[in-house]
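# Reading the structure
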Amino acid sequence: AIDPNFDQNREQVSEEKLDELRSSADQTTFGDDVAVWGPVEPPEKLGIHGTHVAVDYDICLADGACLENCPVDVFTWVDTPDHPVSELKVEPTNEDQCIDCMLCVDICPVDAIDVDAS
Ligand code: SF4
Ligand code: F3S
């Protein structure tokens, strides 16, 4: 399961590093407006994406229930070629619109999502 204390236990990947990653192999993995918490070593390690709504990319297996059921469409699919668990992940693109219903946290079969409702 995702570490709920990821923001203390991991380091946020810098914009410079993200730019570097975007310009190398797979550009679709790292969006513009979502924080990434390392370690990040594509294609195997992709970090935790998001802060208020956080998805552990190394746990997500592209079940899709979060994306299909979120009432305010927080998530979008991104390609993650050659990731050992799945080649699609959900990015919490619209995490600022989250209403803290906790549905995604409850529904994910592998507990890949943390929502900080406090
Ligand atoms: Fe969407 Fe609810 Fe999850 Fe927020 S907690 S991302 S509103 S399903
Ligand atoms: Fe991934 Fe869980 Fe959603 S496996 S696609 S975070 S329901």
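Data block above holds the structure.
Okay, so let's go over this structure.

Analysis parameters
- Residues numbered from 1 in each chain as written.
- Chains lettered and ligands numbered in written order.
- Predicted model: local features only at pLDDT ≥ 70, side-chain atom pairs only at ≥ 80, totals over all residues.
- Heavy atoms only, no water.
- Phe/Tyr/Trp six-rings, centres within 6.5 Å; stacked < 30°, edge-to-face > 60°.
- Helix = DSSP H or I, 4+ residues; strand = E, 2+ residues; numbered from the N terminus.
- Buried < 20%, exposed > 50% of the residue type's maximum accessible area, 1.4 Å probe, protein only.
- Near = heavy atom within 4 Å.
- Nonpolar A, V, L, I, M, F, W, Y, C, P; charged D, E, K, R; others polar.

## Some points on the packing of aromatic side chains
Under the counting rule described, the total for this entry stands at one aromatic pair. Ring centres of Phe6 and Trp37 lie 5.4 Å apart, and the angle between their planes is 75°; this geometry places the pair in the edge-to-face category. You can see Phe6 sitting in helix H1 (residues 6–9) and its partner Trp37 sitting in strand E1 (residues 36–41), a full 31 residues away along the chain. Using a relative accessible area of 9% as the deciding quantity, one classes Trp37 as buried.

## Remarks on the site of ligand 2
All residues adjacent to ligand 2 are Cys60, Leu61, Ala62, Asp63, Gly64, Ala65, Cys66, Val90, Cys108, Pro109, Val110 and Ile113. Along the lines of polarity and charge, the residues of the shell around ligand 2 split into 10 nonpolar, one polar and one charged.

## Things to note about unusual backbone geometry
Here the bond from Gly38 into Pro39 is cis, since omega is 5°, no more than 30 degrees from zero. Structurally, Pro39 is set in strand E1. The linkage connecting Pro42 with the following residue, Pro43, adopts the cis geometry, with an omega of 5°. Relative to the elements of secondary structure, Pro43 occurs in the loop between E1 and strand E2 (45–49). Unusually for a residue other than glycine, Asp100 sits at a positive phi of about 60°. Along the polypeptide, Asp100 turns up in the loop between strand E5 (88–91) and helix H4 (103–107). On the basis of relative accessibility, which here comes to 30%, the residue Asp100 falls in the partly exposed class. One non-glycine residue, Met102, lies in positive phi territory at about 70°. Mapping Met102 onto the fold places it in the loop between E5 and H4.

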